[in-house]
2 protein chains.
Amino acid sequence: MKNRKPTIKDIARRLDISVSTVSRALRNADDINPVTKRKVLELAEKIGYKKSVLAAGLASKKSFLIGVIIPEITVPFFGNVIIGIEEFLKPLGYDLIILHSDENVTNESECIDLLMDRQVDGIMISLSMNTKNDDHLKRAMEQEIPVVIFDRYLPDSILPIPRVIIDDFDAGYQATTHLINKGYKRIAFITGPVDMFISQQRQEGYIRAMERNGRSTSADLIVPATDLRRSVGTALDKLMVLKDKPDAILAFNDPIAFKLMRLLHKRDIKIPKEVAVMGISGDAMGELFYPSLTTISQPAKDMGYWAANLLKDRMDAMKKAKDDGKVFIPMSIQKILPIKLIEREST
Amino acid sequence: MKNRKPTIKDIARRLDISVSTVSRALRNADDINPVTKRKVLELAEKIGYKKSVLAAGLASKKSFLIGVIIPEITVPFFGNVIIGIEEFLKPLGYDLIILHSDENVTNESECIDLLMDRQVDGIMISLSMNTKNDDHLKRAMEQEIPVVIFDRYLPDSILPIPRVIIDDFDAGYQATTHLINKGYKRIAFITGPVDMFISQQRQEGYIRAMERNGRSTSADLIVPATDLRRSVGTALDKLMVLKDKPDAILAFNDPIAFKLMRLLHKRDIKIPKEVAVMGISGDAMGELFYPSLTTISQPAKDMGYWAANLLKDRMDAMKKAKDDGKVFIPMSIQKILPIKLIEREST
C-alpha cells in the first residue's frame, strides 16, 4: 500500500460513498451535495490524489503525448537520442509514443497517420533512408501538429520545420582530414545510398578535404553501400579489385564501419596496418571492437534534448498565437550541433 | 492532398456546414436535421473518413495503448522484442508507449504509474536488474490493468502474471556443454549481479553441466559482473590472477562477452586459442566482432510476439468475465521459448 498512488476508489472507500459521486465531486458537477463535495476535495488534497493525465488532457485539449519516429529501433544512436528527448520532455509531463519506420517511407507515412489519430501534441522524426518527399509531414502540419526533425532531413523541403542536425559536410571533412594527417595515401569512402542527403554531404566533405590537401579523388575510390548494411561486401569488393588499393577507408557511418572491419578480418587484412577504417556516428560499441573504431562522434543525447527543446518552443508559440487570436507563421529553424573526433586504434 | 486522410473538416467544407454539425451527425446526436445527418454519413462513407482512435477509445473505454517497459533503450535485444510485440498488436489497432527503466527499480515503478495514468489497456514489462519486489505490478493489477512479463522476472512472485521467458538454466547448461565438448578444460563463468534471478539460473545450468561431465566447479571460477558492464574488468582480473587460469569463459550475456573480448585483446590474450569466449543472447552484433561470438540465441522477436499474444488473451478473458458478470480469476502462465546454440569463431 505504501507505494500505491491514491485513486478515486480510495477516496470513495474512505468516505463510504460511490466512485461516481467522487468523480462528480472532482469534476465540480452541480448535482451533488456541497458538503460531500467539500469532503471529497479535502480528502483528495490530503492523500495527494492527482487527476489522471488523460483527464487533464481532455480538459486542456492536450494529450501530453509526443510521437517520436525513428528509422530503426535496434540502432543505439537513436536510443540515445530518445534518452535526450525524455530528459527534456518528461519533467514537463509529456510521454512519448515511439515508432519506427524500418527505413521505409510507406511505414513512415503510416506512423504519421497513427500519431495524428492519437492526437499527439507534437511529432519528432528522423527520416527513413528512402524518404524523398514530405507530403506526410505536411499532412501533420495542416492539422496544426507541430513537427520537428532530427538527424536525417530533406534539404530541399520548403516546409517550415525546425530541425536539429550535425554539419555532415564537416563530419566528412574532419574525418578525411584526420586520415590525411595520419599519413594515409589512398583514402576511399563507402557512402550510404546515393540519394541520401546526409551521405551526399559527408561525401562532399570528403572530396573537399582531399582537394584541399592536394589529393586526387578518383571516382573509383567512392563506392556506395546502397542499402546501408547488407551491401558493404559489394562495396569492399569494388575497392579491393582496384589496381591501386586504398590504405584507408572512411565509412558513411559506424554500423557500416563495423561490418567493414569484419569483412577485412575475414580476408586477413590487418587494421590499421594494411587498411585503416574510420566511421561517423560515435556508437559506444565502437570502443569494444578490435581494433577499436576511430570515429566522428555525433552528440545523440544532445540532439534529442535540442529537438525536444525546439518542439516545445514551437508548441508554445502556436498556443500563444491562438490565445492572442493571431495567425501563427511557422519558420524554419536549424540547430547545428558540434561534432568531435574520437581517435582510437583503427586509424 | 492525395495522400491526406479525410478529416471532419473536409466533410464540413464539402457540405458547407459547421464542423460541430458534422461532429454531432457522426456521433448520431438527436439535435440535428435528419437530412443533414444522412448527407454527412454518406459523404463520410464515400471519402473514407475514419473516426479517430481516441474517439473510438473513449466510446469503448479503451485507450488502445499498450505500455512496454524495457530495462535499456540502447540494447538491440529489447529493440527486437519490441518488433515482435508490434507484429502482433499493430494489426489489432494497438499502439505502444515504450518506456525504459534504465535498470533502476524506482524508475520502473514510476513508469508503471505513468502508464496507469495514461489508462493503457495493458502493460508488458521486463524487470530491471535491481527489481526485488513486485508492489508496482500489483498496483497495476489492482486497477485491472493486465500485465505480462517477458525475459526478466521475479521467480518467487505470487502475482498471477503471464510471462514469456527462456529456460535460463538450460541456456547455461547448453553453453557449458558446448565448451566442454570443444575440449576446454577450465571453464569460468562471469555472472550478472548475484541476486539477479536469470543469472542465478544460468549459473545453476553451468554448474550442473560441469558436474554431469565430471568437472569440478571451484568457486573461484565463478565471478560476478556486479553492474553488468562496467565491472567486467574486475571480474576478469579475478580470473587472471588464479594459479590455474581458465581456458574458456562463459559470459552471462553477449554485452558482457563483447566487453570481455575487448579486455582480452588489450592484454594480448588470443581468442579462442588461449581463452575461448562465449555469450548468451544472440545479439546480431556478435557476428561482426573479431572473432565472431559463439552464443546461445534467445528468440527476441518471438518473445515479443508471444508476450503480446498472452496479453491479448488476458485482456479478452478479463473483458469476457466482465461482460458475463463474473469475477475474473487470473492465473500464472509461463511460456518458455526454445533457445539455439550459434557456434562461431570465439570457441
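Refer to the structure presented above.
Since the structure is predicted, the reported quantities are computational estimates derived from the model, not experimental observations.

Participant: Can you lay out the sheet that holds strand β12 (residues 340-342) of chain B for me, pointing to particular residues and giving the numbers?
Facilitator: Residues and elements named next belong to chain B. With mixed pairing, the six strands of this open sheet are ordered in space as β7-β6-β8-β9-β10-β12. Both outer strands of the open sheet, β7 (222-224) and β12, are each paired with one neighbouring strand and no more. The mean inter-strand angle of the sheet, taken between neighbouring strand axes irrespective of direction, is 20 degrees. One ladder, built from three bridges, connects strand β8 (residues 248-251) with strand β9 (residues 276-281); its direction is parallel. Bridge assignment links leucine 250 to a residue of β9, and that residue is methionine 278. Here helix α9 (residues 197-212) sits on the sheet and contacts β6 (187-191), β7 and β9; the angle it forms with β6, its principal contact strand, is near 170 degrees. Sheet contacts for helix α11 (residues 254-266): β6, β8, β9 and β10 (294-297); angle to β9, the most-contacted strand, approximately 160 degrees.

Participant: Kindly report on the interface of chain B and chain A, identifying the contributing residues and their values.
Facilitator: By convention, interface size is frequently given as the accessible area that disappears when the constituent parts associate. With 49 residues of chain B at the interface, the matching set in chain A holds 50 residues. Among the residues chain B hides against chain A, the three largest losses belong to Arg118, Arg262 and Leu288 of chain B. Together they make up 15% of the total. The interface formed by chain B and chain A includes four salt bridges. Residues arginine 262 of chain A and glutamate 345 of chain B are paired through a salt bridge, measuring 2.4 Å at the closest nitrogen-oxygen approach. Sorting the residues of the side of chain B that touches chain A by element identifies α4 (53-60), α5 (76-89), β2 (95-100), α6 (105-117), α7 (135-142) and α11 of chain B as the ones contributing at least two each. Element by element, the count of residues in the side of chain B that touches chain A is highest for α5 of chain B, at six residues. Of the residues in the side of chain B that touches chain A, the class split is 19 nonpolar, 13 polar and 17 charged.

Participant: Account for the packing of aromatic side chains, with residues named and values stated.
Facilitator: Residues and elements named next belong to chain B. Under the definition given, this model contains 15 aromatic pairs over all chains. Note on phenylalanine 64 and tyrosine 94: the rings are 5.2 Å apart at their centroids and 45 degrees apart in plane angle, and the pair reads as tilted. Of this pair, phenylalanine 64 sits in the loop between α4 and β1 (65-70) while tyrosine 94 sits in the loop between α5 and β2, and the two are 30 residues apart along the sequence. Tyrosine 94 matches phenylalanine 64 in its accessibility class, with the two residues each being buried. For the ring pair phenylalanine 169 and tyrosine 173, a centre distance of 6.2 Å and an interplane angle of 20 degrees mean the geometry is stacked. Pair noted here: phenylalanine 169 and tyrosine 173 are both in helix α8 (residues 168-181), with a separation of four residues, about one helical turn.

Participant: Report on the pattern of salt bridges, specifying residues and quantitative values.
Facilitator: Residue and element names in this part refer to chain B. Counting across every chain of the model gives 34 salt bridges over all chains. Note that aspartate 195 and lysine 132 form a salt bridge whose closest N and O atoms lie 3.5 Å from each other. Of this pair, aspartate 195 sits in the loop between β6 and α9 while lysine 132 sits in the loop between β3 (122-125) and α7, and the two are 63 residues apart along the sequence. On the basis of relative accessible area, aspartate 195 is assigned to the partly exposed category, the value being 42%. What makes lysine 132 partly exposed here is its relative accessible area of 47%.

Participant: Quick rundown of the environment of aspartate 168 of chain A? Include the residues and the values.
Facilitator: Residue and element names in this part refer to chain A. Looking at the element boundaries, aspartate 168 is found in helix α8 (residues 168-181). The class for aspartate 168 is buried, based on a relative accessible area of 3%. Residues aspartate 168 and isoleucine 249, spaced 81 residues apart in sequence, show a C-alpha to C-alpha distance of 17 Å. When near neighbours in sequence (up to four residues on either side) are disregarded, aspartate 168 contacts Ile198, Gln201 and Arg202. A polar atom in the side chain of aspartate 168 sits 2.8 Å from the side chain of arginine 202.

Each value, and the rule that gives it
- Residues numbered from 1 in each chain as written.
- Chains lettered and ligands numbered in written order.
- Predicted model: local features only at pLDDT ≥ 70, side-chain atom pairs only at ≥ 80, totals over all residues.
- Heavy atoms only, no water.
- Pairing = 2+ DSSP bridges.
- Helix = DSSP H or I, 4+ residues; strand = E, 2+ residues; numbered from the N terminus.
- Axes fitted to C-alpha atoms, helices over the stretch in contact; angles between N-to-C directions.
- Contact = heavy atoms within 4.5 Å.
- Buried area = accessible area lost by both parts, 1.4 Å probe.
- Salt bridge = Lys/Arg side-chain N within 4 Å of Asp/Glu carboxyl O.
- Nonpolar A, V, L, I, M, F, W, Y, C, P; charged D, E, K, R; others polar.
- Phe/Tyr/Trp six-rings, centres within 6.5 Å; stacked < 30°, edge-to-face > 60°.
- Buried < 20%, exposed > 50% of the residue type's maximum accessible area, 1.4 Å probe, protein only.
- Polar contact = N/O pair within 3.5 Å; in protein donor to acceptor, adjacent residues only side chain to side chain.

Geometric descriptors of this kind do not, in isolation, establish any biological role.
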